[in-house]
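Breakdown of the fold
Each chain is listed here by its residues.
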Amino acid sequence: MKILVINCGSSSIKYQFYSLSESRILAKGIVEKIGMKGSFLKHEKESGQKVLFEGEILDHKIGIEYILGVLSSEKHGCISSLDEINAVGHRVVHGGEEFSTSALITDEVILALEKFIELAPLHNPPNLRGIYAIKALIPEIPQVAVFDTAFHHTMPQHAFMYAIPYALYKKYGIRRYGFHGTSHRYVSSRACEILGVDPKTVKVITCHLGNGASACAIKYGESVDTSMGFTPLEGLIMGTRSGDIDMGAVSYIMDKEKIGTKSASILFNKHSGLLGITGISSDSREILAAADKGDERCILAIEMFNYRIKKYIGAYAAAMGGVDVLIFTGGIGENSVSTRVSVCKDLEFLGIEIDQEINAGIRGEERIISKEGSKVKVMVVPTNEELMIAIDTQNIVYGKE
Ligand code: ADP
């Protein structure tokens, strides 16, 4: 069973080509700078050998033509014909209130996704472009949409509602949707597999800490709360996003700086977070390095970042009436030893005790990092959204094995 997984961003397309029955990634790569000068496709074969193709990749359809071309090329490819692709799975950011699971893409589903453009104007249009391109280029191959929001469908209403006039929820769908769902779902179920426990018996908190960051409370296998909200701006402090902020401060800044909603959105999405505080970088590696050299704003940004995560862990432990497993994932969660130490510090009262020695050696690998007797199992589980998308795609098109 060969599944192509596609993740279309505004100017990039990431892809991975799986042979799931053999647990192999046959090829992967990225198309970058779509519609700009210097666009290219970087392709990596299963052997690790890399090839670069430069060209005028004006839009997503041409980008996908490049991908299909290289996958089936005699010299660099891994299939002799496009018929060997059994299905295509797409990452789709917003599935609104309609989609609680991944879905086979039909004309009706496409119509629904077009409706959600309003809710995710930056993300759903490129996701849709990828779907249109596959439909045009290899129309007979089934496609599946895997939504970032779907996993959070189980949140109870008291967790997903904002305390604004109810009519606005009804009229515009203003509520918490949550994102990163595929990642939270993957790492929580993988952690349960590693621990040999039934997800339906445990309370899990997952911290996805990358450029975007979110935490999720997963009670007995279901998301019951998550830190991102109506948009991926709410919650934890991120590379360039503010996370939680008083709405009063937002309107005050808009007034004082005489800026409109567009500029305010750019301010809080692109110029805030770690970048906003440090004034140097949104990249945690650079910030950690500068903090080591004594840069005060970098030290402050790190303290703020870690403190916010700690607060969410406390809140979610309260929301679930306890916590059994705490998981770190995403580029920072998987690799930053000091972030994990700082976040877990003083959480011993919850039963969270990490083993400093084990933790210090773990970067980007699956591992239990809590002490032998720690009540809460603390784990590092590298995320793998692409694999989850491939598995969902196979299950939806061909049924569960
Ligand atoms: P995205 O959300 O774009 O997928 P990633 O999950 O790749 O992002 O995470 C990117 C973040 O991970 C960056 O801030 C980067 O500095 C951080 N990161 C990667 N490796 C390390 C490391 N060894 N130590 C600390 N942070 C790291």
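A brief report on the enclosed structure follows.

**Quick word on a nonpolar patch on the surface**
- Taken together, the side chains of Ile164, Leu168 and Tyr172 present a nonpolar region at the surface, about 260 Å² in accessible area.
- Considering the arrangement of structural elements, one finds Leu168 in helix α5 (residues 166–172).
- A residue is classified by how much of its surface remains accessible, and Leu168, at 32% relative accessible area, is partly exposed.

**Re the sheet that holds strand β13 (residues 367–368)**
- Strand order in the open sheet formed by six strands is β11-β10-β9-β12-β14-β13, with mixed pairing between adjacent strands. Each edge of the open sheet carries a strand with a single partner, namely β11 (222–226) and β13.
- Across the sheet, helix α11 (residues 296–320) touches β9 (203–209), β10 (213–219), β11 and β12 (325–329), and the angle it forms with β9 is around 160°.
- Of the strands in this sheet, β9, β12 and β14 (377–380) touch helix α13 (residues 337–344), which is tilted by about 150° from β12.

**Things to note about the layout of surface pockets**
- Approximately 390 Å³ is the volume attributed to the second largest pocket.
- As for the second largest pocket, its lining consists of 22 residues, of which Ser100, Thr101, Ser102, Arg185 and Asp392 are closest to the centre.
- Broken down by secondary-structure element, the contributors of at least two residues to the lining of the second largest pocket are β8 (143–147), α6 (181–195), β11 and α15 (385–398).
- With five residues, α15 is the single largest residue contributor to the lining of the second largest pocket.
- Its residues assigned to classes, the lining of the second largest pocket shows eight nonpolar, nine polar and five charged.

**Describing the packing of aromatic side chains**
- According to the stated counting rule, one finds six aromatic pairs in the structure shown.
- Ring plane angle 20° and centroid distance 4.6 Å describe the contact between Phe99 and Phe147, whose orientation is recorded as stacked. You can see Phe99 sitting in the loop between β6 (87–92) and β7 (103–104) and its partner Phe147 sitting in strand β8, a full 48 residues away along the chain.
- Using a relative accessible area of 11% as the deciding quantity, one classes Phe99 as buried.
- For Phe147, a relative accessible area of 2% puts it in the buried group.
- Relative to Tyr316, the ring of Tyr312 has its centre 5.6 Å away and its plane inclined at 65°; by these criteria the two rings are edge-to-face. Remark: Tyr316 and Tyr312 occur in helix α11; sequence separation between them is four residues, near one turn of the helix. An identical accessibility class is assigned to Tyr312 and Tyr316; each is buried.
- Linked through ring pairs, Phe99, Phe116 and Phe147 together constitute an aromatic cluster.

**Brief notes about the environment of Ile391**
- Locating Ile391 in the fold gives a position in helix α15.
- Among the residues examined, Ile391 registers a relative accessible area of 32% and is labelled partly exposed.
- Spatially, the C-alpha atom of Ile391 lies 8.7 Å from that of Ile3, the residues being 388 residues apart in sequence.

What counts, and at which threshold
Residues numbered from 1 in each chain as written. Predicted model: local features only at pLDDT ≥ 70, side-chain atom pairs only at ≥ 80, totals over all residues. Heavy atoms only, no water. Patch = residues over 30% accessible without salt bridge, like charges linked within 9 Å, V, L, I, M, F, W, Y side chains within 5 Å. Areas by Shrake-Rupley, 256 points an atom, 1.4 Å probe, with all protein chains shown as cover. Salt bridge = Lys/Arg side-chain N within 4 Å of Asp/Glu carboxyl O. Helix = DSSP H or I, 4+ residues; strand = E, 2+ residues; numbered from the N terminus. Buried < 20%, exposed > 50% of the residue type's maximum accessible area, 1.4 Å probe, protein only. Pairing = 2+ DSSP bridges. Contact = heavy atoms within 4.5 Å. Axes fitted to C-alpha atoms, helices over the stretch in contact; angles between N-to-C directions. 1 Å grid on protein atoms, 1.4 Å probe; cavity = no way out; pocket = protein on both sides within 12 Å on 5 of 7 lines; lining within 4 Å. Points joined across faces, edges and corners; volume = space filled by probe spheres on them. Nonpolar A, V, L, I, M, F, W, Y, C, P; charged D, E, K, R; others polar. Phe/Tyr/Trp six-rings, centres within 6.5 Å; stacked < 30°, edge-to-face > 60°.

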